[in-house]
Amino acid sequence: MRTFHAGFEADHLPVRVRLGAGIRHEIGAEMTALGLSHALVLTTPNQAAQGEELLAALGPLAHGQFSKAAMHTPIEITEAALAAACGADCLVAIGGGSTIGLAKAIALNTDLPQIVLPTTYAGSEATPVLGQTANGAKETLRSPKVQPEVILYDPELVATLPIGLTVTSGLNAMAHAVEALYARDRNPLSDELALGGLRAFKEGLPRVVADPGDLPAREATQFGAWLCGTVLAQVGMALHHKLCHALGGSFALPHAETHAILLPHSAAYNAEAAVGPLAPVAELFGGSVGGGLYDFSVALGAPVALRDLGLAEGDLDRAADLAVSNPYWNPRPIERDAIRALLQHAWEGARPQ
Ligand code: NAD
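Residues numbered from 1 in each chain as written. Predicted model: local features only at pLDDT ≥ 70, side-chain atom pairs only at ≥ 80, totals over all residues. Heavy atoms only, no water.

What is the right way to read a nonpolar patch on the surface from this model?
Residues Leu13, Val15 and Val17 make up a contiguous nonpolar surface patch of roughly 180 Å² in combined accessible area. When you line up the elements, Val15 lands in the segment before strand S1 (16-19). Of the residues examined, Val15 reaches a relative accessible area of 31% and is grouped as partly exposed. (Patch = residues over 30% accessible without salt bridge, like charges linked within 9 Å, V, L, I, M, F, W, Y side chains within 5 Å. Areas by Shrake-Rupley, 256 points an atom, 1.4 Å probe, with all protein chains shown as cover. Salt bridge = Lys/Arg side-chain N within 4 Å of Asp/Glu carboxyl O. Helix = DSSP H or I, 4+ residues; strand = E, 2+ residues; numbered from the N terminus. Buried < 20%, exposed > 50% of the residue type's maximum accessible area, 1.4 Å probe, protein only.)

Shown next, in the form of structure tokens:
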């Protein structure tokens with residue numbers, strides 16, 4: 001039983017959110033309601049066809065399409081997209097965190113309103129945060145300018161997400177919620193958002209894996225993505241996100257898979273230091289925090305070993321050094337030997353104790 005801890009502050013930017021099968025067909029109406037008439041559609045190269053379909057449906061409301069969004073929002077791509085955005089009065093992003101990141105980067109430079117249709121569960125649509133890369137270095141900034149104004153969650157769009165990415169992306173979202181539960185600046189609202197997000201994925205992900213086209217189950221997971229993305233915008237992240245940034249940035253490991261593999265280990269690392277905050281996770285996932293999350297991942301067929309992502313065992317020492325440098329606040333002190341052991345377990349794919 002959790003107790004209410006009174007006395008908190010929370011900032012919320014105005015965001016319009018709609019969820020439902022076929023909701024993408026409402027983009028024109030959303031644009032008209034905002035007085036907009038020239039949309040630049042954004043996608044990755046992989047999702048160009050989804051963008052073309054949208055562009056055709058927009059008809060006279062379409063300005064054009066730019067389909068070169070890429071992971072970590074490289075600044076050169078943003079510059080090319082800014083040229084394509086000339087004459088547009090809004091951005092329509094259809095995709096995951098990479099495409100939404102591009103929309104945010106354009107909005108930072110132009111203040112163009114963003115209507116986004118998320119097709120993964122990463123949650124970037126719900127945050128005023130942008131990570132972008134210039135000259136190989138990633139910088140993260142927070143500004144109300146980058147927060148998308150309208151989010152349209154259409155389960156028919158996420159139904160095309162391959163099942164492997166569905167699972168890892170869901171676990172990526174859950175990692176925001178787990179870290180939010182023990183965040184230093186957590187509050188009663190962030191607790192409820194995080195728990196709601198975890199429950200939605202706990203219930204929805206197994207159903208989606210059993211039947212990727214199950215639209216009500218996809219809706220449940222998208223609701224979870226919104227809750228987990230919203231809580232990511234509200235409170236600070238800790239060890240888990242530091243580990244993922246260190247591994248993703250220095251060893252080019254894929255974003256969602258890295259989150260998925262590390263989540264049970266980082267949660268287990270913090271389990272004793274955050275017994276109260278993590279009690280609902282232990283309850284939801286059956287007993288121990290790390291073991292329960294690991295078993296949930298295995299049951300969904302998620303990758304569990306960093307070695308399967310191509311990380312060499314010889315890189316673990318450097319990874320541990322990076323993870324302990326400039327550490328984020330964490331409920332348990334960051335100890336180099338313990339982090340090195342955590343990375344070894346995650347590399348081998350062992351079940352956390
Ligand atoms: P992604 O956007 O990079 O997508 C991965 C691949 O899957 C891409 O090729 C994409 O086109 C494809 N894809 C996505 N949805 C699909 C669908 N429904 N059907 C078929 N293919 C689909 O992956 P991601 O995990 O959503 O985003 C990762 C990026 O987002 C990282 O750069 C991360 O740093 C960033 N991110 C930012 C925030 C934030 O708040 N700023 C939050 C979360 C993630």
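How should the layout of surface pockets be read in this particular structure?
Unoccupied space between atoms shows up once a probe the size of one water molecule is rolled over them. Reported here for the second largest pocket is a volume of approximately 400 Å³. What lines the second largest pocket is a set of 20 residues, and nearest its centre among them are Asp11, His12, Leu13, Ala233 and Gln234. Broken down by element, the residue count for the lining of the second largest pocket peaks at four residues, all from helix H8 (residues 215-234). Tallied by class, the residues present in the lining of the second largest pocket amount to ten nonpolar, six polar and four charged. Of the domains in this structure, domain 1 (2-158) and domain 2 (163-348) are the two that each give at least three residues to the lining of the second largest pocket. (1 Å grid on protein atoms, 1.4 Å probe; cavity = no way out; pocket = protein on both sides within 12 Å on 5 of 7 lines; lining within 4 Å. Points joined across faces, edges and corners; volume = space filled by probe spheres on them. Nonpolar A, V, L, I, M, F, W, Y, C, P; charged D, E, K, R; others polar. Domains from an automatic or database assignment.)

Is there a simple way to explain the nonpolar core in this structure?
Considering soluble globular proteins, one finds that nonpolar side chains tend to be buried as a cluster. With 40 residues, the main nonpolar core has Met174, Val178, Phe201, Val281 and Leu293 as its most contacted residues. At the level of secondary structure, the elements contributing two or more residues to this core comprise helix H6 (163-181), helix H7 (188-210), H8, helix H10 (255-270), helix H11 (275-285) and helix H12 (289-300). Take this core: its biggest share by element is nine residues, from H6. Counting 21 residues, the second-largest nonpolar core is a separate cluster that includes Leu239, Leu316, Ala338 and Ala346. (Core = buried A, V, L, I, M, F, W, Y, C linked by side-chain atoms within 4.5 Å.)

Where do I start with the packing of aromatic side chains in this structure?
In this description, a pair of aromatic rings is defined by centroid distance and the angle of the planes. Summed over all chains, the structure comprises three aromatic pairs. A centroid spacing of 6.3 Å and a plane angle of 40° characterise the contact between Phe223 and Trp226, whose relative ring orientation is tilted. Placement of the pair is Phe223 and Trp226 together in helix H8, with a separation of three residues, close to one helical turn. Judged by relative accessible area, which is 39%, Phe223 ranks as partly exposed. Each ring, one from Phe285 and one from Phe296, has its centre 5.1 Å from the other, and the planes form 65°; the classification is edge-to-face. Of this pair, Phe285 sits in helix H11 while Phe296 sits in helix H12, and the two are eleven residues apart along the sequence. One exposure class covers both Phe285 and Phe296, and it is buried. Here Lys202 stacks its cationic end above the ring of Phe285, 6.0 Å away from the centre of that ring. When the ring centre of Trp347 is taken as origin, the NZ or CZ atom of Arg307, which lies over that ring, is 5.1 Å away. (Phe/Tyr/Trp six-rings, centres within 6.5 Å; stacked < 30°, edge-to-face > 60°. Lys NZ or Arg CZ within 6 Å of the ring centre and 35° of its normal.)

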